[in-house]
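Listed below are the residues making up each chain.
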Amino acid sequence: MANASGFLTPTIKISSSIGLNRYRYSHHDVISKRVRCSTTSQGVENLSPSESRVPRLVSKGCKLVGCGSAVPHLQVSNDDLAKIVDTSDEWISARTGIRNRRILTGNESMTGLAAEAALKALEMAQVEPDDVDLILLCTSTPDDLFGGAPQIQKALGCKGNPLAFDITAACSGFVLGLVSASCYIRGGGFKNVLVIGADTLSRYVDWTDRGTCILFGDGAGAVLVQACDSEEDGLLGFDLHSDGDGGRHLNAGIKDNEKIHESGTNGSALGFPPDHSSFSCIKMNGTEVFRFAVSVVPQTIEASLAKAGLNRSDIDWLLLHQANKRIIDGVATRLEVPKDRVISNLANYGNTSAASIPLALDEAVRSGKVKQGQTIATAGFGAGLTWGSAILRWG
């Protein structure tokens, strides 16, 4: 079992801090127990490394040492959208805070954007591709059904063939990727882990539906998470959840071809072989998603702060998934975070799903807004439904 500051410590507290009752979210009483890692009378301090890995793992931390981002060249404004659906710049910006978004065209691809963002993160961290131990691609829109992470490994030229795989958790994906990276570093001895958030939801948008086509854009962002001593640890606390029952409010399921399945004379189904599958466009109940987000996001951030032993006043920056300005403002208000301490680039890129947090982080770091040693409270939320948060220290 794990906690936020290390793995396999001699005493671990396991807790569940947030409960879900449809869309009335409340804290449950914490149920906790202690688990001891050693069942022998011999202390771990007397064991050799070959007998016990606990001393090495206890001292492990992880920190964010590089970031990068990439977006398509085509910028689509609200005025551009007003030419194809019944909407206007004023209507969109007032309800969402979005004014522009980037859309894939021509030979651009999700894989290309992800590789570009990853390379920039490596360059900032001054780490060579051959020194990467693991690549986590957080995406719901891979270029290949079987996943896109190995193609990132290929594009970067990682000659050591490090493990690379996809994480699918929609707009919560990047937060889950960060936590996963910390697990591999603290519990598996990995040193350099690339976490990439990349999505191209424009391929799954109904461009005749003004309720959804105005929201989404394409992009990629990446961070390099690196092993360090526990004193330098940059992941201070985290909290993760999902609710499959709420998936009906935001999804893009496989299309129902409405084929009539009749039985043949021999009892077999005439529906065989099956049709080629394809996914439907994004379907969203905006009211329910808004209600969900403004309820659970403040709770999960409070839970992560508690695990980190921090208070709201310790937050230097609030960085949320860039879904909607009203959600961002609502969460900031509930957490009493001033507007000048909220990181947002929503107006320029729209909702880029798993890419939104690392994309905004990269711009904030490169502009000098986020400085080394500062504390960032971040949270993702979206389809699944999934949500989670992490308290980070940059650099």
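Residues numbered from 1 in each chain as written. Predicted model: local features only at pLDDT ≥ 70, side-chain atom pairs only at ≥ 80, totals over all residues. Heavy atoms only, no water.

Caption draft 1: Quick peek at the sheet that holds strand 14 (residues 235-242). Across the sheet, which stays open at both edges, the five strands sit in the order 14-20-19-17-18 with mixed pairing between neighbours. The open sheet has two free edges, formed respectively by strand 14 and strand 18 (342-343), since each of these has just one partner strand. The sheet contact formed by strand 17 (residues 317-320) and strand 19 (residues 375-382) spans four bridges and is parallel. By the bridge assignment, Leu 319 is partnered in strand 19 with Thr 378. (Pairing = 2+ DSSP bridges. Helix = DSSP H or I, 4+ residues; strand = E, 2+ residues; numbered from the N terminus.)

Caption draft 2: Highlighting the pattern of salt bridges. Throughout the structure, instances matching the rule amount to 12 salt bridges. We note a salt bridge from Asp 143 to Arg 203, for which the minimum N-O separation is 3.2 Å. You can see Asp 143 sitting in the loop between strand 10 (134-138) and helix 5 (149-156) and its partner Arg 203 sitting in the loop between strand 12 (192-200) and strand 13 (218-229), a full 60 residues away along the chain. For Glu 288, the salt bridge is made with Arg 291, and the minimal N-O distance between the two is 3.3 Å. Taken together, the residues Glu 288 and Arg 291, both in helix 7 (residues 286-308) and three residues apart, mark about one turn of the helix. Using a relative accessible area of 16% as the deciding quantity, one classes Glu 288 as buried. (Salt bridge = Lys/Arg side-chain N within 4 Å of Asp/Glu carboxyl O. Buried < 20%, exposed > 50% of the residue type's maximum accessible area, 1.4 Å probe, protein only.)

Caption draft 3: Region of interest: the packing of aromatic side chains. On inspection of all chains with the given rule, the structure shows three aromatic pairs. With 5.2 Å between their ring centres and 75 degrees between their planes, Tyr 184 and Phe 190 make a pair best called edge-to-face. A relative accessible area of 28% means that Tyr 184 is categorised as partly exposed. The exposure class of Phe 190 is partly exposed, given its relative accessible area of 22%. Among the aromatic side chains, those forming a connected cluster through ring pairs are Phe 165, Tyr 184 and Phe 190. The ring of Trp 91 carries Arg 210 above its face, with NZ or CZ at 4.2 Å from the centroid. (Phe/Tyr/Trp six-rings, centres within 6.5 Å; stacked < 30°, edge-to-face > 60°. Lys NZ or Arg CZ within 6 Å of the ring centre and 35° of its normal.)

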